[in-house]
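Structural features, examined
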Amino acid sequence: MPKYSVKKPFTVLVAVILVVVLGFVSLTGMQTDLLPNMNLPYLLVITTYPAPARNRWKAM
């Protein structure tokens, strides 16, 4: 395959573009009921960091 890609780069480029275009057309033509309704879980973590004393700020 690498030798063919080097010998005929234009053909390989056209094939890649064709695959991308066909994938886009099939994705946009897919009906909504074929795509599942997904609710992705998420987690929210809130922490507090107490402010250091003034004498520690001077040391930093």
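What you are looking at is a predicted structure, and each value in this text was computed from that prediction instead of being measured. (Residues numbered from 1 in each chain as written. Predicted model: local features only at pLDDT ≥ 70, side-chain atom pairs only at ≥ 80, totals over all residues. Heavy atoms only, no water.)

Right, let's talk about the overall build of the chain for a bit. Along the chain, the regular secondary structure elements total three helices and zero strands. What you see in the chain, going N to C, is helices and strands ordered as α-α-α. The burial tally for the chain puts 0% of its 60 residues in the buried class. Counting every atom, the chain has about 6,600 Å² of accessible surface; 69% of that belongs to carbon and sulfur. (Helix = DSSP H or I, 4+ residues; strand = E, 2+ residues; numbered from the N terminus. Buried < 20%, exposed > 50% of the residue type's maximum accessible area, 1.4 Å probe, protein only. Areas by Shrake-Rupley, 256 points an atom, 1.4 Å probe, with all protein chains shown as cover.)

Another aspect to go through is a nonpolar patch on the surface. Taken together, the side chains of Phe 10, Leu 13, Val 14, Ile 17, Val 21, Phe 24 and Val 25 present a nonpolar region at the surface, about 690 Å² in accessible area. Looking at where Val 21 falls in the secondary structure, it is placed in helix α2 (residues 9-28). Residue class for Val 21 comes out partly exposed when judged on its relative accessible area of 44%. (Patch = residues over 30% accessible without salt bridge, like charges linked within 9 Å, V, L, I, M, F, W, Y side chains within 5 Å. Salt bridge = Lys/Arg side-chain N within 4 Å of Asp/Glu carboxyl O.)

Predicted confidence across the chain gives a mean pLDDT of 80, with 75% of residues reaching 70 or more. The weakest mean pLDDT in the chain belongs to helix α3 (residues 54-59) at 63; the strongest belongs to α2 at 92. (pLDDT = per-residue confidence, 0-100.)

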